[in-house]
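Residue-level listing of the chains:
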Amino acid sequence: MTWRHFQYHGFTKLIYFSTRLLSQKTLLTMPGMNERGALIVFEGCDKSGKSTQCSLLVENLNRCGVQAELVKFPDRTTEIGKMIDRYLQNACFIEDHAIHLLFAANRWEHMPSMTKRLKSGVTLVVDRYSFSGVAYSASKPGIELEWCRGPEKGLLQPDCVFYLTLNAQEAAMRGDYGTERYEQQDFQKKTASVFENLQDDSWKVIDAGKSVEELSAKIFEQAKDIVSSAKHRPLGYLWKEDP
C-alpha cells in the first residue's frame, strides 16, 4: 500500500467515524427524541392573577429559547366547553355532579394533543387544571373529595403547580369580580381550604398580592429549573396508584 493510498483510506475512515459521532450527537439533542417539555400548572382562587402570569411565563420561556405554549381550562371552544361556558355565565342550570363530569371531560378531550406536544419537547403552561375541578366541586354541599378526584385519575401529572394565594377580600376588589357563578367570597374561602388539602411536594405557593412584575420574575426563575429537570423524566399520571 502506497503512502498516498494509506492517506486516502485513513482520511475516509476519519470522515466516516466523525460523521457517525455527529449523527449520534444530533439524535441525542434533537427535541422530542430524548427530551420532553414540562407540564406547568397555575392554580388559585378567582382573580388571583393566574391568566396574567401564565401568559407572561409563556413569553419569557419562548424569549429564552424554550418552546412553550399556553393551555386554558375550561376550553370554552369545544362542544363540551360551550356547555360549561353557559353554566359559568349563569345562562343555564346543570346539576353539580354532572357539571363536574363535564369539566373533567373537557380536560380529557385535550390529553392526546397535550401528550403529543409534551413528548415533542414543548413546555405547556396550563391556566387551571384538575385541582380547580376538584376544589370547586368539593366545596359544594353533598359532594365528597374522593368522588371528585375519580374522573381526574389518569390525566397527565404536572411537573409543578404554581398556587397563587390571595385573600377573598382583596380578590373581590379586582376588576369584573362577581360576573361568573363561582365568584362569591364565602365560596372562594371554602375552595381555598380544599386547595390546601390537595397540595403535595410539586406545589409552589406564591403570594399573589405582590406586583405583576415581581411575581413574573420569581415564577420565571423557578420555571427554568422545572423545565430543565423534567427533560428526561417520564410523564406521570394523576392520582394513579402504583401497580
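Please refer to the structure higher up on the page.
First, a word on scope: everything that follows refers to the structure included in this document. All figures in this text were calculated on a predicted structure; none of them were measured in a lab.

**Section: the sheet that holds strand β2 (residues 68-72)**
Across the sheet, five strands lie side by side as β2-β3-β1-β4-β5; this open sheet has parallel pairing. Both edges of this open sheet fall to β2 and β5 (203-207), since each of them pairs with a single strand only. Within this sheet the neighbouring strands show an average axis-to-axis angle of 20°, counted without direction. Relative to strand β3 (residues 123-127), β2 is paired through five bridges, and the arrangement is parallel. Paired with Val 71 across the bridge in β3 is Val 126. Across the sheet, helix α2 (residues 50-63) is in contact with β1 (39-44), β2, β3 and β4 (160-165); its angle to β3 comes to roughly 170°.

**As for the packing of helix α6 (residues 130-138) against helix α9 (residues 185-198)**
Two elements in contact, α6 and α9, have axes whose closest approach is 8 Å; the angle formed by their N-to-C orientations is 130°. Compared by their axis directions, α6 and α9 come out oblique. Relative to α9, the crossing made by α6 is right-handed. Here Phe 131, Ser 132, Val 134, Ala 135, Tyr 136 and Ala 138 of α6 come into contact with α9, specifically with Phe 187, Gln 188, Thr 191, Val 194, Phe 195 and Leu 198. Classifying every residue of the contact of α6 with α9 by side-chain character gives nine nonpolar, three polar and no charged.

**Some points on the pattern of salt bridges**
For the coordinates displayed, the defined rule picks out 11 salt bridges. In this structure, the salt-bridge partner of Arg 107 is Glu 152, at a minimum N-O distance of 2.8 Å. Here the residue Arg 107 occupies a position in helix α4 (residues 96-108), and Glu 152 occupies one in the loop between α7 (145-149) and β4, the gap between them amounting to 45 residues. Judged by its relative accessible area of 3%, Arg 107 is buried. Lys 224 is the salt-bridge partner of Glu 221, the closest N and O atoms lying 3.2 Å from each other. Here the residue Glu 221 and the residue Lys 224 both occupy positions in helix α10 (residues 212-230), the gap between them amounting to three residues, near one helical turn. If you follow the salt bridges from partner to partner, you end up with Arg 36, Asp 159 and Arg 233 in one network.

**Observations regarding α6**
Burial runs high along α6: nine of the nine residues are buried. Regarding α6, the residues found buried are Ser 130, Phe 131, Ser 132, Gly 133, Val 134, Ala 135, Tyr 136, Ser 137 and Ala 138. Against β1, α4, α7, β4, α9 and β5 lie the buried residues of α6.

**Regarding the packing of aromatic side chains**
Scanning the entire structure with this criterion turns up 10 aromatic pairs. Between Phe 73 and Tyr 129 the ring centres are 6.1 Å apart and the planes differ by 45°, which places this aromatic pair in the tilted class. Placement of Phe 73 in the loop between β2 and α3 (79-88) and of Tyr 129 in the loop between β3 and α6 is noted, with a sequence separation of 56 residues between them. Assessed through its relative accessible area of 5%, Phe 73 is described here as buried. When the ring of Phe 131 is compared with that of Trp 203, the centres are 5.1 Å apart and the planes differ by 75°; the resulting orientation is edge-to-face. Here Phe 131, found in helix α6, pairs with Trp 203, found in strand β5; they are 72 residues apart in sequence, far enough to count as distant. Overall, the relative accessible area of 2% leaves Phe 131 in the buried class. By way of ring pairs, the aromatic residues Phe 73, Tyr 129, Phe 131, Tyr 136, Tyr 163, Phe 187, Phe 195, Trp 203 and Trp 239 are connected into one cluster. The side chain of Lys 240 reaches across the aromatic face of Tyr 237, ending 6.0 Å from its centre.

**Side note on helix α5 (residues 111-119)**
Residues of α5 that are buried: Met 111, Met 114, Thr 115 and Leu 118. Take α5 and look down its axis: the buried residues cluster within an arc of 100°, on one side only. Exposed side chains of α5 directed beyond 90 degrees from the buried face belong to Pro 112 and Lys 116. At its buried positions, α5 is contacted by β1, β2, α4 and β3. With its phi angle positive at about 100°, Gly 121 sits one or two positions after the end of α5.

Criteria and cut-off values
Residues numbered from 1 in each chain as written. Predicted model: local features only at pLDDT ≥ 70, side-chain atom pairs only at ≥ 80, totals over all residues. Heavy atoms only, no water. Pairing = 2+ DSSP bridges. Helix = DSSP H or I, 4+ residues; strand = E, 2+ residues; numbered from the N terminus. Axes fitted to C-alpha atoms, helices over the stretch in contact; angles between N-to-C directions. Contact = heavy atoms within 4.5 Å. Parallel < 35°, antiparallel > 145°, perpendicular 65-115°, else oblique. Left-handed = near helix turned anticlockwise from the far one by under 90°. Nonpolar A, V, L, I, M, F, W, Y, C, P; charged D, E, K, R; others polar. Salt bridge = Lys/Arg side-chain N within 4 Å of Asp/Glu carboxyl O. Buried < 20%, exposed > 50% of the residue type's maximum accessible area, 1.4 Å probe, protein only. Phe/Tyr/Trp six-rings, centres within 6.5 Å; stacked < 30°, edge-to-face > 60°. Lys NZ or Arg CZ within 6 Å of the ring centre and 35° of its normal. Arc of directions from axis to C-beta.

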